[in-house]
Amino acid sequence: MAARANPPFHADHVGSLLRPRTLTLAFRRVAAGEIGREEFRATQDAAIRGMVELQAEVGMPVATDGEFRRASYWSHFIEAVAGLTVKEALFSFHDQHGHEQSFTAPHVSGKVRRAKPISTTEFAFLAPLARARCLTPKVTLPSPPTMHFWRGRAGIDPAAYEGAEAFFADLAQVYREEIAALANLGCTYIQLDEVPLAMLCDPAVRAQLAARGEDPAVLVDLYIRAFNDALRDKPAGMTVAIHMCRGNYKGQWLSEGGYESVAERVFTEIDVDRFLLEYDTPRAGDFAPLRFLGPGKAAVLGLVSSKSPKLESITALCRRVEEAAKIVPLERLAVSPQCGFASTVAGNPVSPDDQRRKVALVVEVARRVWG
């Protein structure tokens, strides 16, 4: 079976890419007031052009701008949506050595509304560059639960909303407006980056929530409805994907546990076309939950680690695709890295050469498996 040029193609990547050193330096310099916004944007433009070329050179059919205009995968959303600010999260990242790292997260301080475009400017610059190289331009957005989960009930100012339901109703309108604006620009592929539902697979996280008086089952129900409300008016010709991840910060993660506890509801009830799923380590569990994948939906197997420089065996990766194909028909599968390479400007502990080899490896696996 030949790989397709448009979604659902069989090689994909999650979106964020390592910022070149010129760009990481520019982020620091603009924050310090050493350069102006115009010079900063010119540096971003040049870096994005170079990264689109890299994606084309390795044969990736999809292109993003690497999220090079953002400080983190959700920072631009906070900047564009009135009523959102940032406070300390109630969770922490950790690694295999037990080291922990706190982080900040979205906080609802007022009524939310789309005060200005969120990703349309990003897409308008990316699209002609990608299409000139016959690539499908993809836009990534943080998911609706991202704006709620990290701070729980403490994350919504009671003066703004009496509860999460009213907040998500207004937030869904923000997404509908942004998706409509992207569609008007010709965007055909949007990815929503989602960590909360994957974290709700972790018994330790569920216990932590229960100790705070929150019901994980209620949150799963709330988040599924939030997704579908946000995507209610998406155009028929637009592919929408959800990337499910257990956290990604400088090679650290937030949780572990297979998808089984949420799979039946998430894979059947959320109205999206593709699920990009972390599957690079045993932390993600096995492929059995894919049996719940709804009709017509595709699973993109995140088999290649973006957290480690070690290059995976192509033979082993192809075998893993074959294993998943015992549960989901091969034509409804694809491969990708397990997450982005740089959810924040700092990036993961891999080099640009490591990143190139890993993205190229994904393309080669797709070529060998699907032809």
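Residues numbered from 1 in each chain as written. Predicted model: local features only at pLDDT ≥ 70, side-chain atom pairs only at ≥ 80, totals over all residues. Heavy atoms only, no water.

Take the packing of helix α1 (residues 21-31) against helix α2 (residues 37-57) next. What describes two packed helices is the angle between their axes and the distance between those same axes. Axis separation between α1 and α2 bottoms out at 10 Å; the angle between their running directions is 165°. Regarding the angle of α1 to α2, the classification is roughly antiparallel. Note that α1 runs across α2; the crossing there is left-handed. Between α1, through Thr22, Leu23, Ala26, Phe27, Arg29 and Val30, and α2, the contact on the second element is made entirely by Arg37, Glu39, Phe40, Thr43, Gln44 and Ala47. (Axes fitted to C-alpha atoms, helices over the stretch in contact; angles between N-to-C directions. Helix = DSSP H or I, 4+ residues; strand = E, 2+ residues; numbered from the N terminus. Parallel < 35°, antiparallel > 145°, perpendicular 65-115°, else oblique. Left-handed = near helix turned anticlockwise from the far one by under 90°. Contact = heavy atoms within 4.5 Å.)

So, about the packing of helix α5 (residues 164-184) against helix α8 (residues 216-230). Orientation of α5 relative to α8, taken along the N-to-C sense of each, is 30°, at an axis distance of 8 Å. Relative to α8, the crossing made by α5 is right-handed. Packed against α5, whose contacting residues are Ala164, Glu165, Phe168, Ala169, Ala172, Tyr175, Arg176 and Ile179, the element α8 presents Leu222, Tyr223, Arg225, Ala226, Asp229 and Ala230 at the interface. Looking at the contact of α5 with α8 residue by residue, the class counts come to 10 nonpolar, no polar and 4 charged. (Nonpolar A, V, L, I, M, F, W, Y, C, P; charged D, E, K, R; others polar.)

On to empty space enclosed by the protein, then. The tally for this structure, following the rule as stated, stands at 2 cavities of 30 Å³ or more. Thr64, Asp65, Glu67, Arg70, Glu122, Phe123, Leu126, Lys138, Val139 and Thr140 are the residues that line the largest cavity. Secondary structure elements with two or more residues in the lining of the largest cavity: α4 (120-132) and β7 (139-142). Looking at the lining of the largest cavity, its residues break down into 3 nonpolar, 2 polar and 5 charged. (1 Å grid on protein atoms, 1.4 Å probe; cavity = no way out; pocket = protein on both sides within 12 Å on 5 of 7 lines; lining within 4 Å. Points joined across faces, edges and corners; volume = space filled by probe spheres on them.)

Ranked by size, the top nonpolar core spans 127 residues in total, and within it Phe167, Met244, Phe267 and Leu290 carry the most contacts. The leading source of residues in this core is α5, at 9 residues. Dropping the residues within four chain positions of it, Phe267 is found in contact with Met244, Tyr259, Phe275, Leu277, Pro289, Leu290, Phe292, Leu293, Gly294 and Lys297. (Core = buried A, V, L, I, M, F, W, Y, C linked by side-chain atoms within 4.5 Å. Buried < 20%, exposed > 50% of the residue type's maximum accessible area, 1.4 Å probe, protein only.)

Time to look at the packing of aromatic side chains. Any aromatic ring pair is given by two values, namely how distant the centres are and how the planes are angled relative to each other. Scanning all chains against the criterion turns up 12 aromatic pairs. With a centroid separation of 5.1 Å and 35° between ring planes, the pair formed by Phe77 and Tyr175 is classed as tilted. Placement of Phe77 in helix α3 (residues 75-80) and of Tyr175 in helix α5 is noted, with a sequence separation of 98 residues between them. With respect to class, Phe77 is no different from Tyr175; both count as buried. Measuring from ring centre to ring centre gives 6.0 Å for Phe168 and Tyr223, while their planes differ by 70°; the resulting arrangement is edge-to-face. Here the residue Phe168 occupies a position in helix α5, and Tyr223 occupies one in helix α8, the gap between them amounting to 55 residues. Taken individually, Phe168 and Tyr223 each receive the classification buried, so the pair is uniform in this respect. One cation-aromatic arrangement involves Arg69 over Phe125; the distance from NZ or CZ to the ring centre is 4.8 Å. One cation-aromatic arrangement involves Arg246 over Tyr259; the distance from NZ or CZ to the ring centre is 4.3 Å. (Phe/Tyr/Trp six-rings, centres within 6.5 Å; stacked < 30°, edge-to-face > 60°. Lys NZ or Arg CZ within 6 Å of the ring centre and 35° of its normal.)

This paragraph deals with the pattern of salt bridges. Inspection of every chain in the model, using the stated rule, returns 24 salt bridges. Of the charged contacts, one joins Asp229 and Arg176 as a salt bridge, the two residues approaching to 2.9 Å between their closest N and O atoms. Within this pair, whereas Asp229 is found in helix α8, its partner Arg176 is found in helix α5, the two being separated by 53 residues in sequence. The closest approach of N and O atoms between Asp221 and Arg225, which form a salt bridge, is 2.8 Å. Of the two residues, Asp221 and Arg225 both sit in helix α8, 4 residues apart, roughly one turn of that helix. Residue class for Asp221 comes out partly exposed when judged on its relative accessible area of 25%. On the basis of relative accessibility, which here comes to 36%, the residue Arg225 falls in the partly exposed class. Among the charged side chains, a network of salt bridges with common partners joins Glu165, Asp221, Arg225, Arg265 and Glu269. (Salt bridge = Lys/Arg side-chain N within 4 Å of Asp/Glu carboxyl O.)

Of the positions making up helix α9 (residues 260-269), those classed as buried are Val262, Ala263, Val266 and Phe267. Down the axis of α9, the smallest arc covering the buried residues is 120°, so these residues share one side. The inward-facing, buried residues of α9 abut α6 (196-199), α8, β9 (239-244) and β10 (274-278). (Arc of directions from axis to C-beta.)

These values are about where atoms sit, not about what they do.
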